Amino acid sequence: MRRIFLCLPVWVVATLFAACDTPQPAPPRTNVAMAPVSRPPTPSDSLCPRDGRWRDCHLADRINKAGMGISVMDTITVPYFTAPGTRYRLGKTAKLVAFYFADSAAAVTATAGLHAQRLTPGGDTLGAWPSRPLETIRNANLVAVLFEVNATQAERVRLALTAGAPQPYTEQPQMLPSATAR
């Protein structure tokens, strides 16, 4: 009798392992049609024109390639710019407001007379901004203002946006490598 009680735990454990190894029936398959997820246009898309001017799609592409996520929050108006700006969230907390002008001359005209770093009128430290601007980046027809960023984020955005304006598309000749005999 004692031998049976000693073998019982071994038998219970073996039975449990055997039960765990039995395959479970697969759930029935259902065909669910999912709508394709649209993505924002990138510079290689025909929806994002390559005419040498900054646009929303170029900015998003550069920021994404700099390793930061970007999403549109809303638009913002400031009294000293005629066009509204687009407010973006960068990463989890940083914010960027971008103003797209017709050309670089229009951007220079719009920012003339404003403080170089804060984009506020003389003597005003906050202006119409939601919080104190940390940095302003100008490149061709783009004026971008950074808020609530740390030094690393500011540097990434600055390098991404000052690397040059998006270049217009030019057809490149296709050169095939010459064949070499071996």
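Look up a bit, the structure's there.
A quick note: this is a predicted structure, and the numbers were derived from the prediction, not measured.

S.K.: With reference to specific residues and values, describe the overall build of the chain.
M.R.: A tally of regular secondary structure across the chain gives four helices and five strands. Going residue by residue from the N terminus, the α and β elements of the chain occur as α-α-β-β-β-α-β-β-α. Counting all 182 residues of the chain, 31% fall into the buried class. Pairs at least 24 residues apart make up 47% of the contacts formed inside the chain by residues separated by at least 6 positions. By element, 60% of the accessible surface of the chain is carried by carbon and sulfur atoms, the whole surface being about 12700 Å².

S.K.: Account for the pairing of strand β2 (residues 85-90), with residues named and values stated.
M.R.: Counting buried residues along β2, five of its six residues qualify, which places the element largely inside the surrounding structure. Judged from the six bridges that link them, strand β1 (residues 70-76) and β2 form a sheet pairing that is antiparallel. Bridge assignment links Val72 to a residue of β2, and that residue is Tyr88. In the sheet, β2 pairs with strand β3 (residues 94-100) via five bridges, with the strands oriented antiparallel.

S.K.: Now, about the environment of Arg156: what can you tell me, with residues and values included?
M.R.: Relative to the assigned elements, Arg156 resides in helix α4 (residues 151-161). Of the residues examined, Arg156 reaches a relative accessible area of 39% and is grouped as partly exposed. Along the chain, Arg156 and Gly67 lie 89 residues apart, while their C-alpha atoms are 8.2 Å from each other. At 3.4 Å, the side chain of Arg156 and the backbone oxygen of Ala66 are in polar contact.

S.K.: Which residues make up helix α3 (residues 104-111), and what values do they have?
M.R.: When we look at burial in α3, the residues that qualify are Ala107, Ala110 and Thr111. Viewed end-on, α3 has its buried residues packed into an arc of 90°, placing them on one side of the element. The exposed set on the far side of α3, more than 90 degrees from its buried face, consists of Val108 and Thr109. The N-capping residue of α3, defined by a side-chain oxygen 3.3 Å from the backbone nitrogen of Ala105, is Asp103. Positioned one or two residues after α3, Gly113 has a phi angle of 85°, which is positive.

S.K.: Go over the packing of helix α2 (residues 56-65) against α4 with me, naming the residues and quoting the values.
M.R.: Packing of α2 against α4 leaves a shortest axis separation of 9 Å and a crossing angle of 130°. It follows from the interaxial angle that α2 and α4 lie oblique. As for how α2 packs across α4, the hand of that crossing is right-handed. Within the contact between the two elements, α2 uses Leu59, Arg62 and Ile63 and α4 uses Val157, Ala160 and Leu161.

S.K.: Break down the packing of aromatic side chains for me, citing the residues and quoting the values.
M.R.: With the rule as written, the count across this model stands at five aromatic pairs. Residues Phe81 and Phe101 carry aromatic rings whose centres are separated by 5.8 Å and whose planes lie at 75° to one another, so their mutual orientation is edge-to-face. Of this pair, Phe81 sits in the loop between β1 and β2 while Phe101 sits in the loop between β3 and α3, placing them 20 residues apart in sequence. Judged by relative accessible area, which is 5%, Phe81 ranks as buried. Ring centres of Trp129 and Phe147 lie 5.5 Å apart, and the angle between their planes is 55°; on these two criteria the pair is classed as tilted. Placement of Trp129 in the loop between α3 and β4 (135-139) and of Phe147 in strand β5 (residues 142-147) is noted, with a sequence separation of 18 residues between them. According to the relative accessible area criterion, Phe147 is buried, its value standing at 2%. Chaining the aromatic ring pairs together yields one cluster made of Tyr80, Phe81, Phe99, Phe101, Trp129 and Phe147.

Thresholds, definitions, all that
- Residues numbered from 1 in each chain as written.
- Predicted model: local features only at pLDDT ≥ 70, side-chain atom pairs only at ≥ 80, totals over all residues.
- Heavy atoms only, no water.
- Helix = DSSP H or I, 4+ residues; strand = E, 2+ residues; numbered from the N terminus.
- Buried < 20%, exposed > 50% of the residue type's maximum accessible area, 1.4 Å probe, protein only.
- Contact = heavy atoms within 4.5 Å.
- Areas by Shrake-Rupley, 256 points an atom, 1.4 Å probe, with all protein chains shown as cover.
- Pairing = 2+ DSSP bridges.
- Polar contact = N/O pair within 3.5 Å; in protein donor to acceptor, adjacent residues only side chain to side chain.
- Arc of directions from axis to C-beta.
- Axes fitted to C-alpha atoms, helices over the stretch in contact; angles between N-to-C directions.
- Parallel < 35°, antiparallel > 145°, perpendicular 65-115°, else oblique.
- Left-handed = near helix turned anticlockwise from the far one by under 90°.
- Phe/Tyr/Trp six-rings, centres within 6.5 Å; stacked < 30°, edge-to-face > 60°.

Functional significance is not addressed by these values, which are geometric in nature.
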